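Examination of the molecular architecture
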Amino acid sequence: MAGLGDLNMANPVFVTYLFYAAVLGLKTLFMSLFTVRHRMGNKVFANPEDAKGLQGKVKFDHPDVERVRRAHLNDLENVLPFLILCPLYLATGPAAATATTLIRVFAAARLLHTVVYLNVVPQPSRALCFMVGMGVTVYMCVQILLATM
Amino acid sequence: MAGLGDLNMANPVFVTYLFYAAVLGLKTLFMSLFTVRHRMGNKVFANPEDAKGLQGKVKFDHPDVERVRRAHLNDLENVLPFLILCPLYLATGPAAATATTLIRVFAAARLLHTVVYLNVVPQPSRALCFMVGMGVTVYMCVQILLATM
Amino acid sequence: MAGLGDLNMANPVFVTYLFYAAVLGLKTLFMSLFTVRHRMGNKVFANPEDAKGLQGKVKFDHPDVERVRRAHLNDLENVLPFLILCPLYLATGPAAATATTLIRVFAAARLLHTVVYLNVVPQPSRALCFMVGMGVTVYMCVQILLATM
């Protein structure tokens, strides 16, 4: 029977998942560093102890900082569920070609989402990237439901 | 020895986990769509480029929008840890009946939590749903600790 | 071939991961309880129905409450990615001693991060804890990339 035990380094779909999980994990983690850069550059901080040490001030509405923070939260809302649910979908034994394509489409959509968000590319670019990413995860959830019922 | 390799489609507890992981994953993802609907309906947006394109304004304190966002964040804080920690608990080889019950109780508590939160059902309904959900995850963590020590 | 199937209770590195996943999971969940305690103690709430029932008021900028909430969000941004990515790193078959050390260092850094954040220990203590934690997860991602290319 298909299961988590099939997910090993000899399984090309799992290797694809591993590769993009690392890429998306790094991308999501690096959002923190972007926030720090914008906080430093604009001298606006969330904590009094940081503001004091760096001759800045406490401010929660700097547009550049808040934009990065919104993009980061959007990753927590979308990338983390994908990273958790994708191996569960793989455990149901989907066709390798379909699963590989879905993983690549999700990764591309979320990388583009960040580029579009941070560079203020006009809508509907961001909405499109968001919907494609969410569409992939929703599809995987539906396939899990079908496989378990 | 018990482990992640036991988690396959022939294992009824894992199938139960998969089913509710998909249900809870979908529920959590759909919180974004509720936020979008309230943003559209009230014409309040978080990004200037969205407000401009949709003849709305930038506003961070609309009560309906913020309520959905709080419910969503509460899911990130509770549903995601459960989805990560439950398979680890299953990897320690718990009794199937106990594990199945815990998964169902968690899922019911979190689905109810959202209903109660979005419909402003008087307290202590929401606190109760929250505590039951957290209680399940805490119990699983304690069982993992006992199994590994 | 190395894979998720190797992650069982006879594998000491996996047992180490399980133990610290439970510890860090509990720690992250307990941040909610700290928030509740500060909300109760200062009678400031995020929802009108809570404020009404507990004779408090709705307020989103109480410094003690917001500090705990920032520490909690920081855990969602760092602890959850680690908990997801670490077993993927283990699935690539790293040296046991290296993996064990990395897991312990991450856990220590994140536990200290919370202590330092909530007790307002002067910088660079918090920045250091944060960078060590992130460094471990970044290293694991890079190792996954190397193993899959």
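Description of the structure in this document.

Calculation rules
- Residues numbered from 1 in each chain as written.
- Chains lettered and ligands numbered in written order.
- Predicted model: local features only at pLDDT ≥ 70, side-chain atom pairs only at ≥ 80, totals over all residues.
- Heavy atoms only, no water.
- Patch = residues over 30% accessible without salt bridge, like charges linked within 9 Å, V, L, I, M, F, W, Y side chains within 5 Å.
- Areas by Shrake-Rupley, 256 points an atom, 1.4 Å probe, with all protein chains shown as cover.
- Salt bridge = Lys/Arg side-chain N within 4 Å of Asp/Glu carboxyl O.
- Helix = DSSP H or I, 4+ residues; strand = E, 2+ residues; numbered from the N terminus.
- Least-squares fit on C-alpha atoms with pLDDT ≥ 70 in both.
- Contact = heavy atoms within 4.5 Å.
- Phe/Tyr/Trp six-rings, centres within 6.5 Å; stacked < 30°, edge-to-face > 60°.
- Buried < 20%, exposed > 50% of the residue type's maximum accessible area, 1.4 Å probe, protein only.
- Lys NZ or Arg CZ within 6 Å of the ring centre and 35° of its normal.
- Polar contact = N/O pair within 3.5 Å; in protein donor to acceptor, adjacent residues only side chain to side chain.
- Buried area = accessible area lost by both parts, 1.4 Å probe.
- Nonpolar A, V, L, I, M, F, W, Y, C, P; charged D, E, K, R; others polar.

On the surface, Phe30, Leu33 and Phe34 of chain A together with Met131 of chain C cluster together into a nonpolar patch covering about 320 Å² of accessible area. With three residues, the single largest contributor to the nonpolar patch is helix α1 (residues 12-42) of chain A. In this structure, Leu33 of chain A sits in helix α1.

All right, on to the relation of the copies chain C and chain B then. The operation relating chain C to chain B is a screw motion whose rotation component is 120°, with 0.0 Å of axial translation and a residual RMSD of 0.0 Å. Between the two chains, the operation in question is that of a three-fold axis. Taking the C-alpha atom as reference, chain C places Gly5 of chain C closest to the rotation axis, 2.4 Å from it. Both copies present different contact surfaces, since only 16% of the interface residues of chain C are interface residues in chain B too.

If you walk through the whole model with that rule in mind, you get nine aromatic pairs over all chains. Aromatic pair Phe82 of chain B and Phe106 of chain B: ring centres 3.8 Å apart, planes at 5°, arrangement stacked. One end of the pair, Phe82 of chain B, is in helix α3 (residues 63-91); the other, Phe106 of chain B, is in helix α4 (residues 96-118), with 24 residues separating them in the sequence. Using a relative accessible area of 0% as the deciding quantity, one classes Phe106 of chain B as buried. Ring centres of Phe19 of chain C and Tyr20 of chain C lie 4.9 Å apart, and the angle between their planes is 85°; this geometry places the pair in the edge-to-face category. Among the residues examined, Phe19 of chain C registers a relative accessible area of 22% and is labelled partly exposed. Its end group placed over the ring of Tyr117 of chain A, Arg126 of chain A keeps NZ or CZ at 4.3 Å from the ring centre.

Moving on, we get to the environment of Thr92 of chain B. If you trace the backbone, Thr92 of chain B turns up in the loop between α3 and α4. Of the residues examined, Thr92 of chain B reaches a relative accessible area of 17% and is grouped as buried. Considering only alpha carbons, one finds Thr92 of chain B and Ala2 of chain B, 90 residues apart in sequence, at a separation of 5.8 Å. Residues contacting Thr92 of chain B, with those up to four places away along its chain left out, are Ala2, Ile144 and Ala147 of chain B together with Met9 and Leu18 of chain C. Within the structure, the side chain of Thr92 of chain B is placed 2.5 Å from the backbone oxygen of Tyr89 of chain B, a separation counted as a polar contact.

Next up on the list: the interface of chain C and chain B. Bring the parts together and some accessible area is lost; that lost area is often taken as the interface size. Taken together, the contact pairs 32 residues of chain C with 33 residues of chain B. Summed over both sides, the interface of chain C with chain B buries roughly 2,600 Å², with 76% coming from carbon and sulfur. Broken down residue by residue, the surface that chain C buries against chain B is led by Met9, Leu29 and Glu49 of chain C, which jointly contribute 24%. Linking chain C with chain B are three salt bridges, by the criterion used here. When the shortest N-O distance is used, the salt bridge between Glu49 of chain C and Arg126 of chain B registers 3.6 Å. Among the secondary structure elements, those contributing two or more residues to the side of chain C that touches chain B are α1 (12-42), α2 (48-53) and α3 (63-91) of chain C. By residue number, the principal contributor to the side of chain C that touches chain B is α1 of chain C, which donates 14 residues. For the side of chain C that touches chain B, the per-class residue count stands at 23 nonpolar, six polar and three charged.

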